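Summary of the model geometry
The lines below spell out each chain.
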Amino acid sequence: MNAPRLTSLLLAGVLCLSLGPVALAKSKSKDSSSKSSPKSSAPKSSAKPSATPSPTPNQDWQVIKVGPRDYLSVDNIAKFYGLLGNVDSTGKSVVLNNGRNQLQVTLESREAIVNGVRNWLCFPVIAHDNKFLVSRIDLAKTIEPQLRPQMIQRSGKIQTVVLDPGHGGFDKGAASTFGNEKTYTLDVARQLRPMLQAKGFKVVMTRETDVFIPLEVRARIANATKDSIFVSIHFNATGSNPAATGFEIFSLTPRGAPSTNDESLALHFVNMQAGSPVEAQSMELSTVVYHSMCGHFLEEFDRGIKRARFAVLRRANIPSILVEGGFLSETGDARRISDTDWRKQLAESICVGVEGYRALVEKKQRPMLVAEYRAQAAGEITVVDLASPPSRLDQPASTPGSNPPFIPVVNTVAPSPTARPTAPPSVNPTPEADEPEP
Ligand SMILES: [Zn+2]
């Protein structure tokens, strides 16, 4: 796991998120530098040290335009969410924490740590004007749903889980010396079904036997199911890096953004590729299930919460995720995956995550985070009060009155990429396309 160690930084209690001169010197001035403030009352975002950041309910966002993209400064983000933090010793990473939420971003990187697990941003964090900047789309689509899951718009109940065991029939998927992906995905789904049913869910399977089901049919089955969520189960493989291991999870790439595996950040990604009306729900489902998976398996590497336009994710119009439960191309992972009991544990971790998502949707109950699962497993806490989580996840409680402020319950909404349309790209939009299935 990659949870940042924040104790000393937080005890320092200093909000100082500006870049040092070394880091600044590396930043190329490639921007149009047009700052805009939607409301004149917006507090000026500065790197001024402050021991007591106090977000107010009406705190505004100061959008900074760099090239074709909108950004928010990390200190603006810290103030809005009531996070305390500092730049780490390398000068390239910022760690923010308020005891309830954690965020770590790194200059020139798409990799972020949100609440203890790896996330992949759509665009790298950049340096500008002596500040770290995070793209508006990443703030709205990846960070906000995790820092304030209770703010996601939802309706209805979660009554049915559509389980989609990847591959089948002539499509064997990935393979190890122990067996085929299509066999393992079906077994996980078969073990998961009664677990979910015991929790009161109805379960629909896109396949129950070793049969090939086209991707569009899988999505059609999902879309024909009301009050439901879609969980596609897969296992990974790679020929390029035989040492690759671990879990990862996907939800649909936001409109106008590159997928995690797109190396290029060329303009043609900023087009009209379809997003999804349930994108935020899918992202949250992805997060809740992933925290449970990582929290239940100490030995599995955290590859992160990712984005893709896989057919089943793009075509499904209910909250949808695709789980990758380890690598069949790596001996250790492959051996574990070949074990029926291990697959049962994987199914259990997915079941707990799905249950956590339902509790969030229906009861506004805060989902458990990876650190809480691990503490629970280690017997460090026997009862987890989800409505009022431990004030500190990775450090001892501080003296009363010195806690940073918690997230305001009533607040202005996080910026939405659609709220302030950006200029249309000057290239022809690429047609909608599925990405190759994993
Ligand atoms: Zn697969």
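Residues numbered from 1 in each chain as written. Predicted model: local features only at pLDDT ≥ 70, side-chain atom pairs only at ≥ 80, totals over all residues.

Bringing the overall build of the chain into the picture now. Of regular secondary structure, the chain possesses 11 helices and 16 strands. In the chain, 76% of the contacts between residues at least 6 apart in sequence involve partners at least 24 apart. (Helix = DSSP H or I, 4+ residues; strand = E, 2+ residues; numbered from the N terminus. Contact = placed C-beta atoms within 7 Å.)

As a rule of thumb, soluble globular proteins bury nonpolar side chains together. With 99 residues, the main nonpolar core has Val134, Val231, Ile249, Val289 and Ile350 as its most contacted residues. Broken down by element, the residue count for this core peaks at nine residues, all from helix α10 (residues 340-363). A domain-level breakdown of this core finds at least three residues from each of domain 1 (7-148) and domain 2 (160-367). Beyond its immediate stretch of four places on either side in the chain, Val289 contacts Ile249, Ile321, Val323, Ile350, Gly353 and Val354. (Core = buried A, V, L, I, M, F, W, Y, C linked by C-beta atoms within 7 Å. Buried ≥ 20, exposed ≤ 12 C-beta atoms within 10 Å, placed from the backbone. Domains from an automatic or database assignment.)

Let's shift gears to the packing of helix α4 (residues 136-147) against helix α7 (residues 279-296). Where α4 meets α7, the axes come as close as 9 Å, and the angle between the chain directions of the two elements is 60°. Here α4 lies oblique to α7, going by the angle between them. Taken as a pair, α4 and α7 cross one another with a handedness that is right-handed. Here α4 contributes Lys141, Thr142, Pro145 and Gln146 to the contact with α7, which in turn contributes Glu279, Ala280, Met283, Glu284 and Thr287. When the residues that make up the contact of α4 with α7 are grouped by side-chain class, the tally is three nonpolar, three polar and three charged. (Axes fitted to C-alpha atoms, helices over the stretch in contact; angles between N-to-C directions. Parallel < 35°, antiparallel > 145°, perpendicular 65-115°, else oblique. Left-handed = near helix turned anticlockwise from the far one by under 90°. Nonpolar A, V, L, I, M, F, W, Y, C, P; charged D, E, K, R; others polar.)

Here we take up the pairing of strand β8 (residues 117-120). The side chains of a regular strand alternate, residue by residue, between the two faces of the sheet. The side-chain alternation of β8 yields two buried faces, one formed by Val117 and Asn119 and the other by Arg118 and Trp120. Note that strand β7 (residues 111-114) and β8 share four bridges and pair antiparallel. Across the sheet, Ala112 pairs through a bridge with Asn119, a residue of β8. Hairpin connection, β7 to β8: the antiparallel pair is bridged by two residues, and Asn115 has positive phi, about 50°. (Pairing = 2+ DSSP bridges.)

Counting buried residues along helix α3 (residues 74-81), eight of its eight residues qualify, which places the element largely inside the surrounding structure. Among the residues of α3, Val74, Asp75, Asn76, Ile77, Ala78, Lys79, Phe80 and Tyr81 are the ones counted as buried. Tucked into the core, α3 has its buried residues touching β3 (69-73), β4 (84-87), β5 (93-97), β6 (102-106), β10 (131-135) and α4. Positive phi appears at Gly82, one or two residues downstream of α3, with a value of about 70°.

What follows covers α4. Judged by how many residues are buried, α4 sits mostly within the fold: 12 of 12 residues are covered. Among the residues of α4, those classed as buried are Arg136, Ile137, Asp138, Leu139, Ala140, Lys141, Thr142, Ile143, Glu144, Pro145, Gln146 and Leu147.

What follows is about the pairing of strand β16 (residues 320-327). Summarising burial for β16: eight of the eight residues are buried, a large majority. Relative to β16, strand β13 (residues 228-236) runs parallel, the two sharing six bridges. Directly across from Val231, in β16, lies its bridge partner Ile321. By the bridge criterion, three bridges tie strand β14 (residues 247-252) to β16 in an arrangement that is antiparallel.

On average, residues of the chain score 78 in pLDDT, and 71% of them reach the 70 mark or higher. Contacts of residues 1-16 to residues separated by more than four positions or lying in other chains number 43 contacts, the stretch itself having pLDDT below 50. When the criterion is pLDDT under 50, residues 18-58 qualifies, and its contacts beyond four places in sequence or with other chains add up to 75 contacts. (pLDDT = per-residue confidence, 0-100.)

With that settled, the discussion passes to the packing of helix α5 (residues 181-198) against α10. Remark: α5 packs on α10, axes separated minimally by 8 Å, with the N-to-C direction vectors making an angle of 50°. In terms of their interaxial angle, α5 and α10 are classed as oblique. Taken as a pair, α5 and α10 cross one another with a handedness that is right-handed. Every residue of α10 that contacts α5 at Tyr184, Asp187, Val188, Gln191, Leu192, Met195 and Leu196 is listed here: Thr340, Arg343, Lys344, Leu346, Ala347, Glu348, Ile350, Cys351 and Val354. Among the residues forming the contact of α5 with α10, the class breakdown is 10 nonpolar, two polar and four charged.

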